[in-house]
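So the chains spell out like this:
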Protein chains: 2
Amino acid sequence: MSKPSLPAGTRDFGPDVVRKRNHILDTIRSAFQRYGYQPLETPAFENMETLMGKYGEEGDKLIFKILNNGLDNPEKEAKVRAGFETVLQGKSSTDITERALKYDLTIPFARYVAMNHGQLTFPFKRYQIQPVWRADRPQKGRYREFYQCDADVVGSRSLLYEAELACLYHEVFTNLGLTGYTLLVNHRSLLLALADRCGNQDWLVPITVAIDKLDKIGLEKVKTELTQKQIPSAAIEQIEKYLSVEGTADSVLEQLNALLGEIPEGAAGIGALREWMGYLADQPVSFRIDPTLARGLNYYTGMIFEVKAPATVSMGSIGGGGRYDDLTGLFGVSDVPGVGISFGVDRIYDVMEALELFPSDIAQPPRILFFNLGITEGKVTFGLLQELRKKGIAADMYPESAKFDKQFKYAEKRGITYVAILGESELKTQTIQLKNLSTGTQSTLSHTDFLNIELS
Amino acid sequence: MSKPSLPAGTRDFGPDVVRKRNHILDTIRSAFQRYGYQPLETPAFENMETLMGKYGEEGDKLIFKILNNGLDNPEKEAKVRAGFETVLQGKSSTDITERALKYDLTIPFARYVAMNHGQLTFPFKRYQIQPVWRADRPQKGRYREFYQCDADVVGSRSLLYEAELACLYHEVFTNLGLTGYTLLVNHRSLLLALADRCGNQDWLVPITVAIDKLDKIGLEKVKTELTQKQIPSAAIEQIEKYLSVEGTADSVLEQLNALLGEIPEGAAGIGALREWMGYLADQPVSFRIDPTLARGLNYYTGMIFEVKAPATVSMGSIGGGGRYDDLTGLFGVSDVPGVGISFGVDRIYDVMEALELFPSDIAQPPRILFFNLGITEGKVTFGLLQELRKKGIAADMYPESAKFDKQFKYAEKRGITYVAILGESELKTQTIQLKNLSTGTQSTLSHTDFLNIELS
């Protein structure tokens, strides 16, 4: 028999890892709830037509498709063979796969809203924390199964939601102890105004693609790329001015106003950021306006968010989001604008590990291990064990009579601090011994006193 | 564009359903933790060789297989075509599918234990709450995606675990308010002793399959089936005696002892049940010994559990489990015995709905909706909203200035009890109005008083 193994790009989460992940997810979930977001869960797989064509040609290839069952049905053979030829040509066929694993949470959410929009109360605020699957080549920090963790509000254009989502980021990262993060914001209208200032709004994409790389390749190479893309040198001068904008948020907006304030899109973007900042004036949220931030430009239509991990861990983005105009148009329901953010749970986990931010008491082993000293003693011990559990104290009992040494070792291995010992003499005197393994202190207690003890 | 739809046999869980499901899962999870079980999560998909051949021929067909990506690679064409011919014959080929969705939690758990047995501390107690997938024909109460919820302890033969698992069932169902359930127990050795008493231990399977149907088809038809299976009439008389055993647990064991006590397996089964009952003597657990209970006979080797829903809802089994000798032998690691139970979450949900057992306050809408009366007022309102959220109170704000009517209606639709109103005059006097929509009472408060108020 070959040794069992895990599929590439997937992970088992053992007890310690689950507890740490739950610490992150519970922190996020409770913040979502305080902010009025409601839970939604969608199936692991969707119909092919729900997913295909939504993530570009590359995305389509990275979707995990599920083989139809019953392909050996002779009546279907001709269709199945034809479908298979289609698959061999790199396309998909519902005669071979009718279903596929979800690739993100956004498209299933859009499908849900489109299917239920008559019943939902808008603005509809939902959060969703579920795994998604992508057939990407696995590498450090990139998995084929990973969790996404999204909050969106659909059915309103109010900037109040952009404001509360910034507060939500602040609250979650503060509660996780991850205080060194940076929230970057931008507005798509500023990028559009820049293209306009350069002479042609159609240049939005090449300009944005180029300046998005500023951090990585530096100004000179950005200018080279722009030149290669036939952007005139006068326009490149404007872009250089745009890229040199920096300072406090107020100062950045003033500089942008000088540069783009006469263009309607520029004025709109600056106005939106000012309104948004107005809501946050008394809030502890810190942020930086980054005029180069784009993030999937074709998707976002208003404000854009990105959260960077503390520079010390060089982990990149740990969250992002923005406003979009039309969530459900692809599913035949128009006029559902929205705004949302997501948390990159796997990276947040890695950052918290690197910065040692997980609470030390997260392991939560049982508080007490009851020793097992035989069937007669064991029955009394089991009764006390159950009393403790009913009181909400996690406790466990060694399964069979064994040498003290072995039972102590089991307590240690499981990280249990207290052991409770009830042997022949304690049985007679109706007492029990309680020993704290970390301090070495030991006391003999009546059953009543034992059940009322406060464990440190 | 065609209307979006869900794959057959799958469900979206909207906010109300997620909260009710979480009420069940949280109740189970917290009991698991008090009993010292540790969380484990395994990937949604496994390698084909991990799953295939583990669930019988029928099971293999119900496993959802994932199509390999890159089937259009010309270099692989010959292999892929050959693999496809295999699939057309109703078999599987790793040239077409290397991975498949998990079918239950037990095999992935066994794979995990086999891969990690060097690092685990035995007895290893784990719980696992995750979805599984089966390509069954969907029907009422049967889904293609559903949750399993298992607790197992491996690496020990102690009956203490059978005792604590019975307590665990009691605690969970009591905490859910589902008190009318029945816990049935049996021991495989009793069935083996019966076959022996009938003259041949090889008759275990036909005898068990027949008597397992007693409830459904009645004694006469059971006897007919046994006759058809060539069981001699003298043996059928013994079986009839076995089936007539009833009464309190002690009396049942006495009757079984008279019938099977001389057979080693009979004595062993009765002895095990007596030891198990000894642990439970002072516990509030109620149970019934059902000598006909078998549940997947080929799997369980010791005690067998089944939980029946209250008879009033005719929902059948809502849980089950038992002891097995060899969890990981299939993966090359021998001598890992264990015992486990599972909770049928979907059926428990249906039973709780039918009996109206969900707490009335489970919907958890935000406590307060802040009205929006314009940008200037809105900024102050937003500040108060954020203060409440920081205090842990779920609250929300209407997104834009709108007529009172509309904002009241939104509060009602979302089930929010309190609304807070801060308009032009409250802005001047630095106050806010708080209105309880269910009582109609209203009061004007300073911001400080407002932030310190205790909501009923």
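Coordinates for the structure precede this section.
Parameters and conventions
Residues numbered from 1 in each chain as written. Chains lettered and ligands numbered in written order. Predicted model: local features only at pLDDT ≥ 70, side-chain atom pairs only at ≥ 80, totals over all residues. Heavy atoms only, no water. Helix = DSSP H or I, 4+ residues; strand = E, 2+ residues; numbered from the N terminus. Rg over C-alpha atoms; globule rule 2.2 N^0.38 Å. Contact = heavy atoms within 4.5 Å. Areas by Shrake-Rupley, 256 points an atom, 1.4 Å probe, with all protein chains shown as cover. Lys, Arg positive; Asp, Glu negative; His and termini not counted. Charge placed at Lys NZ, Arg CZ, Asp CG, Glu CD. Phe/Tyr/Trp six-rings, centres within 6.5 Å; stacked < 30°, edge-to-face > 60°. Lys NZ or Arg CZ within 6 Å of the ring centre and 35° of its normal. Buried < 20%, exposed > 50% of the residue type's maximum accessible area, 1.4 Å probe, protein only. Pairing = 2+ DSSP bridges. Salt bridge = Lys/Arg side-chain N within 4 Å of Asp/Glu carboxyl O. Least-squares fit on C-alpha atoms with pLDDT ≥ 70 in both. Core = buried A, V, L, I, M, F, W, Y, C linked by side-chain atoms within 4.5 Å. 1 Å grid on protein atoms, 1.4 Å probe; cavity = no way out; pocket = protein on both sides within 12 Å on 5 of 7 lines; lining within 4 Å. Points joined across faces, edges and corners; volume = space filled by probe spheres on them. Buried area = accessible area lost by both parts, 1.4 Å probe. Polar contact = N/O pair within 3.5 Å; in protein donor to acceptor, adjacent residues only side chain to side chain. Nonpolar A, V, L, I, M, F, W, Y, C, P; charged D, E, K, R; others polar. Arc of directions from axis to C-beta. Axes fitted to C-alpha atoms, helices over the stretch in contact; angles between N-to-C directions. Parallel < 35°, antiparallel > 145°, perpendicular 65-115°, else oblique. Left-handed = near helix turned anticlockwise from the far one by under 90°.

Observations regarding the overall build of chain A
Next up, step 1: Looking only at helices and strands, chain A has 17 helices and 16 strands in total.
Next up, step 2: In terms of overall size, chain A is more extended than a compact globule, its C-alpha atoms giving a radius of gyration of 29 Å where 456 residues would be expected to give roughly 23 Å.
Next up, step 3: Here the C-alpha coordinates of chain A stretch approximately 95 × 70 × 45 Å along the principal axes.
Next up, step 4: Counting only contacts in chain A whose residues sit at least 6 apart along the sequence, the fraction spanning at least 24 positions is 67%.
Next up, step 5: Here chain A has roughly 19,300 Å² of accessible surface; of this, 47% comes from carbon and sulfur atoms.
Next up, step 6: Here chain A contributes 51 positively and 58 negatively charged side chains, and the mean placements of these two sets differ by 6 Å.

Here we look at the packing of aromatic side chains
Residue and element names in this part refer to chain A.
Next up, step 1: All chains considered together, the criterion is met by 45 aromatic pairs over all chains.
Next up, step 2: Geometrically, the ring pair formed by Tyr349 and Phe358 is tilted, given 5.3 Å between the ring centres and 55° between the ring planes.
Next up, step 3: Three or more aromatic residues link up through ring pairs in this structure, and these residues are Phe32, Tyr37, Tyr127, Tyr169, Phe173, Tyr181 and Phe343.
Next up, step 4: Positioned above the aromatic ring of Tyr143, the side-chain terminus of Arg11 is 3.3 Å from the ring centre.

Considering the pairing of strand S6 (residues 145–154) of chain B
All names here are of chain B.
Next up, step 1: Taking burial as the measure, the 10 residues of S6 include nine buried ones, the bulk of the element.
Next up, step 2: Relative to S6, strand S5 (residues 124–133) runs antiparallel, the two being bridged by 10 bridges. Opposite Phe124, over in S6, you have Val154 as the bridge partner.
Next up, step 3: Two elements, S6 and strand S11 (residues 338–343), share five bridges in a ladder whose sense is antiparallel. Looking at S11, one finds that Ala151 is bridged to Ile341.

Quick word on the pattern of salt bridges
Next up, step 1: Within the structure shown, the criterion is met by 50 salt bridges over all chains.
Next up, step 2: With a shortest N-O distance of 3.0 Å, Lys20(A) and Glu353(A) are connected by a salt bridge. A residue pair is termed long-range when its members are at least 10 positions apart, and Lys20(A) in helix H1 (residues 15–34) and Glu353(A) in helix H13 (residues 345–354) qualify at 333 residues.
Next up, step 3: Its relative accessible area of 33% is what places Glu353(A) among the partly exposed residues.
Next up, step 4: Its salt-bridge partner being Glu171(A), residue Arg34(A) comes within 2.8 Å of it at the nearest N-O pair. Note that Arg34(A) is positioned in helix H1 and Glu171(A) in helix H6 (residues 160–175), a separation of 137 residues in sequence. As far as the burial class goes, Arg34(A) and Glu171(A) line up, both buried.
Next up, step 5: Here the salt bridges do not stand alone but share partners, grouping Lys125(A), Glu164(A), Arg389(B), Asp396(B) and Arg414(B) into one network.

Regarding the environment of Met115(B)
Next up, step 1: Of note, Met115(B) is situated in helix H5 (residues 106–116).
Next up, step 2: Overall, Met115(B) belongs to the partly exposed group, its relative accessible area being 34%.
Next up, step 3: Met115(B) sits 216 residues away from Phe331(B) along the chain, and the two C-alpha atoms are 8.6 Å apart.
Next up, step 4: Beyond its immediate stretch of four places on either side in the chain, Met115(B) contacts Pro4(A), Ser5(A) and Leu6(A).

Focus on the relation of the copies chain B and chain A
Next up, step 1: When chain B is fitted to chain A, the best match, at an RMSD of 0.1 Å, comes from turning it 180° and sliding it 0.0 Å along the axis. These values place the two chain copies in the arrangement generated by a two-fold rotation axis. Of the C-alpha atoms belonging to chain B, the one lying closest to the rotation axis is found on Ile66(B), 2.2 Å away.
Next up, step 2: When the interface residues of chain B are mapped onto chain A, 99% of them again lie at the interface, so the same face is used by both copies.

Regarding the sheet that holds strand S10 (residues 317–324) of chain A
Next up, step 1: Read from one edge of the open sheet, eight strands run S1-S5-S6-S11-S10-S9-S7-S8 (chain A), paired in mixed fashion. The sheet terminates laterally at strand S1 (38–39) and strand S8 (288–289) of chain A, the two strands that pair on one side only.

Description of helix H5 (residues 106–116) of chain A
Next up, step 1: Taken across its 11 residues, H5(A) has nine buried, putting it largely inside the fold.
Next up, step 2: Taken together, the buried residues of H5(A) touch strand S2 (45–47), helix H2 (48–51), strand S5 (124–133), strand S6 (145–154) and S10 of chain A together with helix H1 (15–34) of chain B.

Structural notes on the environment of Val18(A)
Next up, step 1: For Val18(A), the location among the structural elements is in helix H1.
Next up, step 2: Owing to a relative accessible area of 2%, Val18(A) belongs among the buried residues under this scheme.
Next up, step 3: Sequence separation between Val18(A) and Pro131(A) is 113 residues; the distance between their C-alpha atoms is 14 Å.
Next up, step 4: With residues near it in sequence (within four places) discarded, Val18(A) still touches Phe13(A), Pro39(B), Leu40(B) and Glu41(B).

Comments concerning the nonpolar core
Next up, step 1: Within the largest apolar cluster, 102 residues are counted, with the highest numbers of intra-cluster contacts made by Phe32(A), Tyr37(A), Tyr242(A), Phe343(A), Phe370(B) and Phe450(B).
Next up, step 2: Once you skip the residues sitting within four places of it in the chain, Tyr37(A) turns out to touch Phe32(A), Lys125(A), Arg126(A), Tyr127(A), Ala151(A), Asp152(A), Val153(A), Tyr161(A), Glu164(A), Leu165(A) and Leu168(A).
Next up, step 3: Counting residues in hydrophobic clusters, the runner-up holds 99 residues, among them Leu385(A), Ala395(A), Ile270(B) and Ile348(B).

Re the sheet that holds S11(B)
Residue and element names in this part refer to chain B.
Next up, step 1: Taken in spatial order, the eight strands make up an open sheet running S1-S5-S6-S11-S10-S9-S7-S8, and their pairing is mixed. Two strands bound the open sheet, and with one partner strand each, they are strand S1 (38–39) and strand S8 (288–289).
Next up, step 2: The pairing of strand S7 (residues 182–187) with S8 spans two bridges and is classified as parallel. Directly across from Leu184, in S8, lies its bridge partner Arg288.

Details of empty space enclosed by the protein
Next up, step 1: According to the stated counting rule, one finds one cavity of 30 Å³ or more in the structure shown.
Next up, step 2: Reported here for the largest cavity is a volume of approximately 40 Å³.
Next up, step 3: Every residue lining the largest cavity is listed: Leu67(A), Leu71(A), Phe84(A), Ile96(A), Leu67(B), Leu71(B), Phe84(B), Val87(B) and Ile96(B).

Quick look at the interface of chain B and chain A
Next up, step 1: On the side of chain A, 103 residues touch chain B, which itself brings 104 residues to the contact.
Next up, step 2: Carbon and sulfur atoms make up 60% of the surface buried where chain B meets chain A, a total of about 8,900 Å² over both sides.
Next up, step 3: The interface formed by chain B and chain A includes eight salt bridges.
Next up, step 4: Lys125(B) serves as the salt-bridge partner of Asp396(A), at 2.7 Å between the closest nitrogen and oxygen.
Next up, step 5: Inspection of the region where chain B meets chain A yields 34 residue pairs in polar contact (both at pLDDT 80 or more).
Next up, step 6: The greatest single-element share of the side of chain B that touches chain A, amounting to eight residues, is contributed by helix H15 (residues 375–390) of chain B.
Next up, step 7: For the side of chain B that touches chain A, the class distribution of residues is 52 nonpolar, 25 polar and 27 charged.

Quick word on helix H16 (residues 404–413) of chain B
Residue and element names in this part refer to chain B.
Next up, step 1: The complete set of buried residues in H16 reads Gln407, Phe408, Tyr410 and Ala411. What you see down the axis of H16 is that its buried residues fit within an arc of 160°, all on one side. In this structure, H16 carries Asp405, Lys406, Lys409, Glu412 and Lys413 as exposed residues pointing more than 90 degrees from its buried face.
Next up, step 2: Looking at the buried residues of H16, the elements they touch are strand S12 (368–370), strand S14 (418–421) and strand S15 (431–436).
Next up, step 3: At the exit of H16 stands Gly415, carrying a positive phi of roughly 75°.

Re the side chain of Gln386(A)
Next up, step 1: Topologically, Gln386(A) is positioned in helix H14 (residues 375–390).
Next up, step 2: By relative accessible area, Gln386(A) is classed as buried at 1%.
Next up, step 3: Excluding residues within four positions of it along the chain, Gln386(A) makes contact with Tyr35(B), Cys167(B), Glu171(B) and Gln283(B).

Points about the environment of Asp60(B)
Residues and elements named next belong to chain B.
Next up, step 1: By the secondary structure assignment, Asp60 is in helix H3 (residues 56–62).
Next up, step 2: A relative accessible area of 17% means that Asp60 is categorised as buried.
Next up, step 3: Each residue touching Asp60, except ones within four places of it in the same chain, is listed here: Leu51, Met52, Gly53, Lys54 and Lys65.

Brief notes about the packing of H6(A) against H15(B)
Next up, step 1: One can describe the packing of H6(A) onto H15(B) by two numbers: an axis separation of 12 Å at closest approach and a directional angle of 30°. Relative to H15(B), H6(A) is oriented roughly parallel. Along this stretch, H6(A) crosses H15(B), giving a crossing that reads as right-handed. From H6(A), Leu160(A), Ala163(A), Glu164(A), Cys167(A) and Glu171(A) reach across to H15(B), where they touch Phe382(B), Gln386(B), Arg389(B) and Lys390(B).

Bear in mind that shape data such as this cannot, by itself, settle questions of function.
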